[in-house]
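# Survey of secondary and tertiary structure
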Amino acid sequence: MLGRTVALWREMIAEQWEYRELLQRLTGRDVLIRYKQTFMGFGWAVFMPLVNTAVFSVIFTRVTSIETPVPYPLFAFCGFLFWNFFASSLRFSVLSLTSNSNLVTKVYFPREIFPFSAVLVCLVDLAVGSTVLIGLMLYYGVALTPALLFLPVILAVLSAFTAGLALLLAMSNLYYR
């Protein structure tokens, strides 16, 4: 029983690896579509966390006081940056299979590529927003600590969790549609 399960996992991973170029092409297409046709371009990935941070900073520094280990705007921006990654990944991946139905019904390839592509596009947003995070850290004089060494691990776990949930929700949306 365990051997059969391992064989199935190997087959699924091998199939994903075989179609990795398609994943790259779809991700590149989605990045170009998302940013080429907008007025703000990559600024949208920075604008939303900044607006949320500004609103929450006014509320939680002027109206009421919250103690954080770092300045509150930096604290809030970190949270909103990763929350926007998670929320937008799920939002785009849920609709990815139904919005690409012309490709899904005509050509064979692993259907998991569409939700994975949506998560990777949102990972680009996260990378763009991280440049502002670095700027905020420099502005507030927050030093780098050894805890930042865990950031790649946290990002990998968050991405894997988001991709898994995206697969489940995209499949559910397709099934109930």
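Since we're looking at a predicted model, the values are computed, not measured.

Here Leu 120 lies in helix α7 (residues 113-140). The class for Leu 120 is partly exposed, based on a relative accessible area of 33%. Taking the C-alpha atoms as reference, Leu 120 lies 11 Å from Phe 92; in sequence the two are 28 residues apart. Beyond its immediate sequence surroundings of up to four residues, Leu 120 is in contact with Leu 23 and Thr 27.

Another aspect to go through is the packing of aromatic side chains. According to the stated counting rule, one finds 9 aromatic pairs in the structure shown. Judged by centre distance (6.0 Å) and plane angle (40°), the rings of Tyr 72 and Phe 75 are tilted. Of this pair, Tyr 72 and Phe 75 are both found in helix α4 (residues 72-94), 3 residues apart, which corresponds to roughly one turn of the helix. By relative accessible area, Tyr 72 is classed as buried at 11%. Classification of Phe 75 as partly exposed rests on a relative accessible area of 43%. An aromatic cluster of at least three residues, connected via ring pairs, comprises Phe 56, Phe 60, Tyr 72, Phe 75 and Phe 80.

The subject of this paragraph is the packing of helix α3 (residues 43-63) against α7. Running from amino to carboxyl end, α3 crosses α7 at an angle of 60°, the nearest separation of the two axes being 8 Å. Put simply, α3 runs oblique to α7. The interaxial crossing formed by α3 with α7 has right-handed handedness. In contact with Ala 45, Val 46 and Leu 50 of α3, α7 contributes Asp 125, Val 128, Gly 129 and Val 132.

So, about the confidence of the model for the protein chain. Model confidence for the protein chain is summarised by a mean pLDDT of 85, while 97% of its residues fall at 70 or above. Of all secondary-structure elements in the protein chain, the lowest mean pLDDT belongs to helix α6 (residues 101-106), at 77, while α4 reaches the highest, 91.

Let us look at the nonpolar core. Formed by 13 residues in total, the largest nonpolar core has its most connected members in Leu 74, Phe 77, Leu 81, Phe 85 and Leu 133. Secondary structure elements with two or more residues in this core: α4 and α7. Ignoring anything within four residues of it in the chain, the contact list for Phe 77 reads Pro 49, Leu 50, Thr 53, Gly 129, Val 132, Leu 133 and Leu 136. Counting 8 residues, the second-largest nonpolar core is a separate cluster that includes Leu 23, Leu 26, Val 104 and Ala 170.

Looking at the element boundaries, Thr 27 is found in helix α2 (residues 20-36). Those residues in contact with Thr 27 that sit more than four places away from it in its chain are Ser 117, Leu 120 and Val 121.

Let us now look at the pattern of salt bridges. For the structure shown, the criterion picks out 2 salt bridges. With a shortest N-O distance of 3.6 Å, Glu 21 and Arg 25 are connected by a salt bridge. Of the two residues, Glu 21 and Arg 25 are both situated in helix α2; the distance of 4 residues between them amounts to about one turn of the helix. Looking at Glu 21, the relative accessible area reads 49%, which means it is partly exposed. A salt bridge links Arg 29 to Asp 30; the nearest nitrogen and oxygen atoms lie 3.1 Å apart. The exposure class of Arg 29 is partly exposed, given its relative accessible area of 29%. Judged by its relative accessible area of 22%, Asp 30 is partly exposed.

The rules behind these values
Residues numbered from 1 in each chain as written. Predicted model: local features only at pLDDT ≥ 70, side-chain atom pairs only at ≥ 80, totals over all residues. Heavy atoms only, no water. Helix = DSSP H or I, 4+ residues; strand = E, 2+ residues; numbered from the N terminus. Buried < 20%, exposed > 50% of the residue type's maximum accessible area, 1.4 Å probe, protein only. Contact = heavy atoms within 4.5 Å. Phe/Tyr/Trp six-rings, centres within 6.5 Å; stacked < 30°, edge-to-face > 60°. Axes fitted to C-alpha atoms, helices over the stretch in contact; angles between N-to-C directions. Parallel < 35°, antiparallel > 145°, perpendicular 65-115°, else oblique. Left-handed = near helix turned anticlockwise from the far one by under 90°. pLDDT = per-residue confidence, 0-100. Core = buried A, V, L, I, M, F, W, Y, C linked by side-chain atoms within 4.5 Å. Salt bridge = Lys/Arg side-chain N within 4 Å of Asp/Glu carboxyl O.

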